[in-house]
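Spelled out from the first residue to the last, the chains are:
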Amino acid sequence: DAKTTQPPSMDCAEGRAANLPCNHSTISGNEYVYWYRQIHSQGPQYIIHGLKNNETNEMASLIITEDRKSSTLILPHATLRDTAVYYCIVRPRSGNTPLVFGKGTRLSVIA
Amino acid sequence: GAVVSQHPSRVICKSGTSVKIECRSLDFQATTMFWYRQFPKKSLMLMATSNEGSKATYEQGVEKDKFLINHASLTLSTLTVTSAHPEDSSFYICSARPPASGTTYEQYFGPGTRLTVT
């Protein structure tokens, strides 16, 4: 079962920052927070992951609260191509545990 | 990132026939691959975990005799839907994980195969 809670949908104006929240209040000490997205009719795409420190890469930034019970994915300048379903997933970093997907947030970027 | 391919991208078959879907890791060896299924407007559901050289592990409710998984090499896993029925129509997605490198444990996903059973 998914251990995260995300809003079902969000809108964002093109060019603005998109901030996607995720609650994971039962996260354990050895679990990481992963973010993936799925553009319509495609396979999921890895975005970013983190443990407790904030992370940034060329796609996005991940802000994790100090108590690790929630996080926010930030797309700094959303474009129409960022329209997708975004999934927040917690899982142990090691081992062969597969990713378990919840319902995600459907982000619509509007021109 | 690592590349995972699937073939075919879409297939239409008649009820009662079997369909094979291939999943390949193109630039890395994957000892473990995963198969997911996704119905319209729903999230991905894990079907099975495939380990190279051994039997696949199926999730509860997934019929192993209907969804045959073979992971014969470190770069290829196949899913065969046997005696397909219209309710098997779905989007099938495979995923592979590179060997543990100490830096990443990400899963990489194929583009998916849309199966339509008529």
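See the structure shown above.
Definitions and cut-offs
Residues numbered from 1 in each chain as written. Chains lettered and ligands numbered in written order. Predicted model: local features only at pLDDT ≥ 70, side-chain atom pairs only at ≥ 80, totals over all residues. Heavy atoms only, no water. Contact = heavy atoms within 4.5 Å. Buried area = accessible area lost by both parts, 1.4 Å probe. Polar contact = N/O pair within 3.5 Å; in protein donor to acceptor, adjacent residues only side chain to side chain. Helix = DSSP H or I, 4+ residues; strand = E, 2+ residues; numbered from the N terminus. Nonpolar A, V, L, I, M, F, W, Y, C, P; charged D, E, K, R; others polar. Pairing = 2+ DSSP bridges. Salt bridge = Lys/Arg side-chain N within 4 Å of Asp/Glu carboxyl O. Buried < 20%, exposed > 50% of the residue type's maximum accessible area, 1.4 Å probe, protein only. Axes fitted to C-alpha atoms, helices over the stretch in contact; angles between N-to-C directions. Disulfide = S-S within 2.5 Å.

A. Main features of the interface of chain B and chain A. The partner chain A presents 21 residues to the 22 residues of chain B that form the contact. Between chain B and chain A the total buried area reaches about 1600 Å² when both faces are included, carbon and sulfur atoms providing 51% of it. Applying the counting criterion to the chain B and chain A interface returns six residue pairs in polar contact (both at pLDDT 80 or more). Broken down by element, the side of chain B that touches chain A gets its largest block of residues, four residues, from strand E4 (residues 32-38) of chain B. When its residues are assigned to classes, the side of chain B that touches chain A shows nine nonpolar, ten polar and three charged.

B. Structural view of the sheet that holds strand E2 (residues 18-23) of chain A. Strand order in the open sheet formed by four strands is E2-E7-E6-E5 (chain A), with antiparallel pairing between adjacent strands. Only two strands of the sheet have a single neighbouring strand rather than two, namely E2 and strand E5 (55-56) of chain A.

C. Looking closely at the pattern of salt bridges. All names here are of chain B. All told, the structure shown has four salt bridges over all chains when counted by the stated rule. A salt bridge links Glu 22 to Arg 24; its shortest N-O distance comes to 3.5 Å. On the basis of relative accessible area, Arg 24 is assigned to the partly exposed category, the value being 34%. Asp 88 is the partner of Lys 66 in a salt bridge, and the nearest nitrogen-oxygen pair spans 2.8 Å. Of this pair, Lys 66 sits in the loop between strand E6 (57-58) and strand E7 (67-73) while Asp 88 sits in the loop between strand E8 (76-81) and strand E9 (90-97), and the two are 22 residues apart along the sequence. By the burial criterion, Lys 66 is buried, and Asp 88 matches it.

D. The arrangement of the sheet that holds strand E3 (residues 19-25) of chain B in detail. Residues and elements named next belong to chain B. Spatial ordering of the open sheet is given by E1-E3-E8-E7, a layout of four strands whose pairing is antiparallel. Each edge of the open sheet carries a strand with a single partner, namely strand E1 (4-7) and E7. Across the sheet, the mean angle from the axis of one strand to that of its neighbour is 15 degrees, orientation sign disregarded. Relative to E8, E3 is paired through six bridges, and the arrangement is antiparallel. In the sheet register, Glu 22 faces E8, and the bridge partner there is Thr 78.

E. Examining the state of the cysteines more closely. All names here are of chain B. Applying the stated rule across the entire model yields two disulfides over all chains. Each sulfur of the disulfide joining Cys 23 and Cys 94 lies 2.0 Å from the other. What sets the handedness of the Cys 23 and Cys 94 disulfide is the S-S torsion sign, and at about 80 degrees it is right-handed. Of the two residues, Cys 23 sits in strand E3 while Cys 94 sits in strand E9, which places them 71 residues apart along the sequence. Residue Cys 94 is classed as buried on the basis of its relative accessible area, which comes to 0%. Here Cys 13 is not disulfide-linked; the sulfur of Cys 94 is the nearest cysteine sulfur, at 18 Å.

F. Molecular detail of the environment of Ala 17 of chain A. All names here are of chain A. Locating Ala 17 in the fold gives a position in the loop between strand E1 (9-13) and E2. It is 4.9 Å that separates the C-alpha atoms of Ala 17 and His 77, two residues lying 60 residues apart in sequence. If we skip the residues at most four places from it in the chain, Ala 17 touches Cys 12, Leu 75 and Pro 76.

As far as function goes, none of this settles anything; it's purely spatial.
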